[in-house]
Amino acid sequence: NEVRSMGRTATGVRGIRLTAGEEVRSLIVIDGDGDILTASERGFGKRTPVVDYPRKGRGIKGVIAMKTSERNGRLIGAIQLSDHHEVLLISDGGTLVRTRAAEISQVGRNTQGVTLMRLADDETLQAIERLDASLDEDEDDAAHPVAAGPLEADSTTAPEA
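What you see as residue numbers is a count from 1 along each chain, following the sequence as written. Whole-chain, interface and lining totals are the exception, using all residues; otherwise, since this is a predicted model, local features are given only for residues with pLDDT of at least 70 and side-chain atom pairs are given and counted only at 80 or more. Remark: hydrogens and water are excluded; side-chain values derive from all non-hydrogen atoms of the structure.

Chemist: Lay out the overall build of the protein in plain terms, naming residues and giving numbers.
Modeler: Helix and strand content of the protein: 1 helix and 7 strands. Each helix corresponds to a stretch of at least 4 residues labelled H or I by DSSP, and each strand to a stretch of at least 2 residues labelled E; elements are numbered beginning at the N terminus. Element order for the protein, N to C, with α for helix and β for strand: β-β-β-β-β-β-β-α. For every residue, the accessible area (1.4 Å probe, protein chains only) is compared with the maximum for its type, and the residue is labelled buried under 20%, exposed over 50%, or partly exposed between those bounds. Among the 161 residues that make up the protein, the fraction classed as buried is 26%. Should any heavy atoms of two residues lie within 4.5 Å, those residues are considered in contact. Considering only intrachain contacts with a sequence separation of at least 6, the fraction spanning at least 24 residues in the protein is 73%. Note on areas: Shrake-Rupley, 1.4 Å probe, and residue coverage restricted to the protein chains presented here. Taken as a whole, the protein presents about 11,400 Å² of accessible surface, with 49% of it coming from carbon and sulfur.

Here is the structure:
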């Protein structure tokens, strides 16, 4: 209700007020309850309940989603998820880690987080992606196809005598 519909060529409205050196890393349209997973470039992250993020109007400064430091590096992204989701972590060295969201610690909003992925000294986490449960169901269906009906006789075999 706070942002009116505009034409394609409109310049838009201010969503958040940033200070020098700050940038937007992720945008989440909250869909019900659940958690927000934040991750940093050194492989640290955490799940925080959506209710821990206060609702604000547009054009304000916002709230801290994750403390950044030399230990964990810059924030690389945030996604909304729940316990039934899985998370794919992708590094710049080509390493992929897939883990269940329920295995990631749920901690407060203004903390540094826990280790999500161990990285080499010259490697950084580049992206996090949520995998929906429906993807696993599709894979299970492909791996275990439904058995077909009775086999029909092969027309190339010799007739029984």
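Chemist: Requested: an account of the packing of aromatic side chains, with residues and values cited.
Modeler: Ring pairs shown here join Phe, Tyr and Trp side chains whose ring centres sit within 6.5 Å, with only the six-membered ring taken for Trp; geometry is labelled stacked below 30 degrees between planes, edge-to-face above 60, and tilted in between. Applying the stated criterion across every chain, the model contains 0 aromatic pairs. Its end group placed over the ring of Phe44, Arg71 keeps NZ or CZ at 3.8 Å from the ring centre. Put simply, a charge is over a ring when the Lys NZ or the Arg CZ is close to the ring centre, within 6 Å, and near the line of the ring normal, within 35 degrees.

Chemist: Any chance you could break down the sheet that holds strand E7 (residues 125-131) for me, citing the residues and the numbers?
Modeler: Within the open sheet, the 3 strands sit side by side as E5-E4-E7. Their pairing is antiparallel. This sheet does not close on itself; its edge strands, each paired only once, are strand E5 (96-100) and E7. Neighbour-to-neighbour, the strand axes of this sheet turn through a mean angle of 20°, independent of strand direction. Note: two strands are recorded as paired if DSSP finds a minimum of 2 bridges between them. Sheet topology note: the strand E4 (residues 86-91)/E7 ladder contains 6 bridges and is antiparallel. Counted as the bridge partner of Val87 is Arg130 from E7. All axes are obtained by fitting lines to C-alpha atoms, using only the stretch in contact for helices, and the reported angles, taken between N-to-C directions, cover 0 to 180 degrees.

Chemist: Describe the confidence of the model for the protein, with residues and values.
Modeler: Confidence scores labelled pLDDT are given residue by residue by the predictor and lie between 0 and 100. Per-residue confidence for the protein gives a mean pLDDT of 81; residues scoring 70 or more make up 81%. Segment residues 146-157 is flagged for pLDDT under 50; beyond a separation of four residues in sequence, or across chains, it makes 0 contacts in the model.

Chemist: Outline the sheet that holds strand E1 (residues 35-40), listing residues and values.
Modeler: The strand order E3-E1-E2-E6 describes an open sheet built from 4 strands, whose pairing is antiparallel. In this open sheet, the two strands that pair with only one neighbour each are strand E3 (75-81) and strand E6 (114-115). Relative to E3, E1 is paired through 6 bridges, and the arrangement is antiparallel. Note that in E3 the partner of Ser40 across the bridge is Leu75.

Chemist: Residues and numbers for the side chain of Thr48, please.
Modeler: Along the chain, Thr48 turns up in strand E2 (residues 44-49). Excluding anything up to four places from it in sequence, Thr48 contacts Asp35, Ile36, Tyr53, Val107, Gly108 and Arg109.

Chemist: Go over the environment of Arg71 with me, naming the residues and quoting the values.
Modeler: Relative to the helices and strands, Arg71 is located in the loop between E2 and E3. Since its relative accessible area comes to 39%, Arg71 is described here as partly exposed. Taking the C-alpha atoms as reference points, Arg71 and Glu41, separated by 30 residues in sequence, lie 9.8 Å from one another. Sequence-distant contacts of Arg71, defined by excluding residues within four places in its chain, comprise Arg42, Phe44, Gln112 and Gly113. Only 3.2 Å separates the side chain of Arg71 from the backbone oxygen of Gly113, close enough to count as a polar contact. Polar contact is defined as a pair of N or O atoms within 3.5 Å, subject to the rule that within protein one atom must be able to donate a hydrogen and the other to accept it, and that residues adjacent in sequence are counted only when both atoms are side-chain atoms.

Chemist: Any details on the nonpolar core? Residues and values, ideally.
Modeler: With 14 residues, the main nonpolar core has Leu37, Val87, Leu89, Leu125 and Ile128 as its most contacted residues. Counting only elements with at least two residues in this core, the list comes to E1, E3, E4 and E7. Take this core: its biggest share by element is 3 residues, from E3. Apart from the residues lying within four places of it in its own chain, the contact partners of Leu89 are Thr95, Leu96, Val97, Leu116, Met117, Leu125, Ala127 and Ile128. The definition of a nonpolar core used throughout is a set of buried Ala, Val, Leu, Ile, Met, Phe, Trp, Tyr and Cys residues joined through side-chain atoms within 4.5 Å.

Chemist: Please provide a residue-by-residue account of the pattern of salt bridges, values included.
Modeler: When a carboxyl oxygen of Asp or Glu lies within 4 Å of a side-chain nitrogen of Lys or Arg, that pair is called a salt bridge. All told, the structure shown has 7 salt bridges when counted by the stated rule. With a shortest N-O distance of 2.8 Å, Glu23 and Arg25 are connected by a salt bridge. With its nearest N and O atoms 3.7 Å apart, the salt bridge here joins Glu41 to Arg74. Taken together, the residues span a long stretch of sequence, with Glu41 in the loop between E1 and E2 and Arg74 in the loop between E2 and E3 at a distance of 33 residues.

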